[in-house]
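Chain by chain, the residues:
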Amino acid sequence: MVKEINLFFKRKFEKFNYKNISYVLICFLFLALSMFFGEVNNSHNSGAFGTSFSLAGTIIFYLLIVLNFALILYIGKINNILKFNKGVIIFIFIGVLTTFYMIGVDFGTDYNRLFNNNSITILDKFKSIMDVSLSIMMCFVLIYLIPPFKEKDLAIRIFCFIFVGFSLVMIIYSLITEMDIYIAFIKNPTFFTKYDSGNVNAIWCVSFFKYGNVYGHVLFLLCLVILLLSVSYNRRFIFLFSFLVGIFILFSGSRTAFFGFFTLMISYGITFLISLYKSNKLYFSILLFFFIFLIIFGIFEIFVFKLFTIREVITKSDGSKEVINYTLLDLLKKYFSYVDSRIDIYRSARTRFIWSDFIFGIGYNMNDLLSRTFNGSYFNYHNGFLEVYTTGGIYLSALYIFLIVYIFHINNKLFVRTDRYKYYLYVITLPYLIYQLGEAFPILYNVFGGGVTAIIFIMVPFNKVREANEICNINKLFIK
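What you see is a predicted model, and the numbers here were worked out from it, not measured in a lab. (Residues numbered from 1 in each chain as written. Predicted model: local features only at pLDDT ≥ 70, side-chain atom pairs only at ≥ 80, totals over all residues. Heavy atoms only, no water.)

Engineer: Explain the overall build of the chain residue by residue, including any values.
Structural biologist: Each helix and strand in the chain was counted, giving 18 helices and two strands. Across the chain, contacts joining residues at least 24 apart in sequence account for 75% of those joining residues at least 6 apart. Carbon together with sulfur atoms contributes 70% to the accessible area of the chain, which is approximately 23200 Å² in total. (Helix = DSSP H or I, 4+ residues; strand = E, 2+ residues; numbered from the N terminus. Contact = heavy atoms within 4.5 Å. Areas by Shrake-Rupley, 256 points an atom, 1.4 Å probe, with all protein chains shown as cover.)

Engineer: Please provide a residue-by-residue account of the confidence of the model for the chain, values included.
Structural biologist: On average, residues of the chain score 82 in pLDDT, and 85% of them reach the 70 mark or higher. Here helix α1 (residues 2–14) stands out as the least confident element of the chain, with mean pLDDT 52; helix α7 (residues 154–177) is the most confident, with 94. (pLDDT = per-residue confidence, 0-100.)

Engineer: Please set out the pattern of salt bridges residue by residue, giving values where relevant.
Structural biologist: Inspection of every chain in the model, using the stated rule, returns two salt bridges. With a shortest N-O distance of 3.0 Å, R113 and D357 are connected by a salt bridge. With a gap of 244 residues between them, R113 in helix α5 (residues 111–115) and D357 in helix α14 (residues 355–360) connect regions that are remote in the sequence. Given a relative accessible area of 2%, D357 falls into the buried group. Notably, a salt bridge pairs K464 with D153, separated by 2.6 Å at the nearest N-O pair. Of this pair, K464 sits in helix α18 (residues 448–467) while D153 is found in the loop between α6 (122–145) and α7, placing the two residues 311 residues apart along the sequence. (Salt bridge = Lys/Arg side-chain N within 4 Å of Asp/Glu carboxyl O. Buried < 20%, exposed > 50% of the residue type's maximum accessible area, 1.4 Å probe, protein only.)

Engineer: So what's going on with the nonpolar core? Which residues, and what values?
Structural biologist: The biggest cluster of nonpolar side chains holds 112 residues, and the ones touching the most others in it are Y23, L142, F159, L444 and I458. The leading source of residues in this core is helix α9 (residues 212–233), at 15 residues. Excluding residues that lie within four positions of it along the chain, L444 makes contacts with S135, M138, C139, L142, Y400, L403, G450, A454 and I458. Grouped together as the second largest cluster of nonpolar side chains are 14 residues, L114, Y346, A349 and F353 included. (Core = buried A, V, L, I, M, F, W, Y, C linked by side-chain atoms within 4.5 Å.)

Engineer: Could you give me a rundown of the packing of α9 against helix α11 (residues 255–279), with the residues and numbers involved?
Structural biologist: Running from amino to carboxyl end, α9 crosses α11 at an angle of 15 degrees, the nearest separation of the two axes being 9 Å. In terms of orientation, α9 lies roughly parallel with respect to α11. Judged by the sense of rotation from one axis to the other, the crossing of α9 with α11 is left-handed. Counting all contacts with α9, which are made through G216, H217, F220, C223, L224 and L227, the residues of α11 involved are A257, G260, F261, L264 and Y268. Tallied by class, residues from the contact of α9 with α11 come to eight nonpolar, three polar and no charged. (Axes fitted to C-alpha atoms, helices over the stretch in contact; angles between N-to-C directions. Parallel < 35°, antiparallel > 145°, perpendicular 65-115°, else oblique. Left-handed = near helix turned anticlockwise from the far one by under 90°. Nonpolar A, V, L, I, M, F, W, Y, C, P; charged D, E, K, R; others polar.)

Engineer: Now, about the packing of helix α8 (residues 179–187) against helix α10 (residues 241–252): what can you tell me, with residues and values included?
Structural biologist: For the pair α8 and α10, interaxial distance at closest approach is 10 Å and the crossing angle is 90 degrees. When the axis of α8 is compared with that of α10, the two are roughly perpendicular. In this structure, α8 uses Y182, F185 and I186 to contact α10, whose residues at the interface are F248, L250 and F251. Residue composition of the contact of α8 with α10, by class: six nonpolar, no polar and no charged.

Engineer: Can you explain the packing of aromatic side chains? Please cite residues and give values.
Structural biologist: Taken as a whole and assessed by the stated rule, the structure comprises 33 aromatic pairs. Ring centres 5.6 Å apart and planes at 40 degrees place the aromatic pair F30 and F69 in the tilted group. Of the two residues, F30 is situated in helix α2 (residues 18–41) and F69 in helix α3 (residues 55–78); the sequence distance between them amounts to 39 residues. One exposure class covers both F30 and F69, and it is buried. A centroid spacing of 6.0 Å and a plane angle of 10 degrees characterise the contact between F402 and Y406, whose relative ring orientation is stacked. Note that F402 and Y406 are positioned in helix α16 (residues 384–412) at a spacing of four residues, about one turn of the helix. In this structure an aromatic cluster arises from ring pairing among F28, F159, F163, F166, Y173, F208, F209 and F448. Above the face of the Y233 ring, R157 is positioned so that its terminal group lies 3.8 Å from the ring centre. (Phe/Tyr/Trp six-rings, centres within 6.5 Å; stacked < 30°, edge-to-face > 60°. Lys NZ or Arg CZ within 6 Å of the ring centre and 35° of its normal.)

Engineer: Lay out α9 with the relevant residues and their values.
Structural biologist: Here α9 contains 22 residues, and its C-alpha end-to-end distance of 32 Å stays within 8% of the 32 Å for a straight helix at 1.5 Å per residue. Within α9, 20 of the 22 residues are buried, which leaves it mostly tucked inside the rest of the structure. With its phi angle positive at about 55 degrees, N234 sits one or two positions after the end of α9. (Expected span 1.5 Å × (residues − 1).)

Engineer: How would you explain helix α13 (residues 328–349) if you had to name every residue and give the values?
Structural biologist: If you check α13, its first and last C-alpha atoms are 33 Å apart, about what 22 residues at 1.5 Å a residue would give, namely 32 Å. Buried within α13 we find L329, L331, K334, Y335, Y338, V339, R342, I345, Y346 and A349.

Here it is, written out as structure tokens:
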């Protein structure tokens, strides 16, 4: 019996090349260290992942990350993963151009005018440039240095398992340390009211983060990762676990995360309906009728019937209680006013802009620091589109538009190569774009949300396209 078990595991492990796994882990270590550096770098003693590094700490940590990147380049080169073709040359040109452009913005912008003081130091400017360079390195790794291996979806699945594992630890820690908050919320839910109307009982689960919103953001990203995992294994039931995650999002108090989750469910439902058209037209017709009925009923419910309400009881600072009944129309109005309030952060900051700031931007991280001078409770502009625009102006905005268009161009090649990933990018795009109306996680920004979305949006389609042309295998890790 013992011999049979040993033989079983031996056969399982023989399918894997430990060098391939080690290389992927080295790549993800670089991404993790880079994202952590960005979070701490941008915190200025108030971030969710820790406080800022000292000068020595910044330099040492940055050099360690660069050495990690150099190691990936070395392994990739000796194993013929990295090939200096036209695409690589164009990428290097754009990367160098973008770096020098952002250097020009950092050292050409009059921050004394923007901040009315000398709070921006030379170290802040160098940190900004470091983050830009790491974002470019991150993109290079995801496109050119994480290839498909003989093990099916190796890099994709390793990423998913790491993220799911991290998230499970996060949720379990929250349940152990914050069970009283979960119970209190169940007894008196105030999710939509949150801090409005002087509500003093709005206490949210934060897990091991500083803010409940960050907990909610990670949970929303977990939903995207679960979707990716279900696509990778071609098992739709895996996606059902996202509904459990959605429940925990409620306890985090992040309305943006919950709305993103809700939009993801709709987006997935639509693509699931489309996929049924060829495979089972009877089910397709039934679900289509049901879906159209829900849309029509929902429109009448919002604007005419107003039968469905959500009741919340809030406790004010003077001890008095107020009962609020929200209709769906009330919630829609509340959401759009919430998005508009996020844009107010930019409206306040732009009062100090001059013409050059509107054209060239004011620098990576510098834009966030300016937003905090108007409202210290906001970490950034809470709008991904404005985050990109205020960072690098017209040039960076145009570069992002080109990147997104190019990603979809690459994704279109998947349509004829694999059914499993056929609609993947389209399912996650709508929730992500809507999410960016209330939060700032631009793809490839050197922060946790930007790095994770970069893996989801960039690594996956490029990895799947290359899979049709080449399968790599690591033979040498450290010694040529």
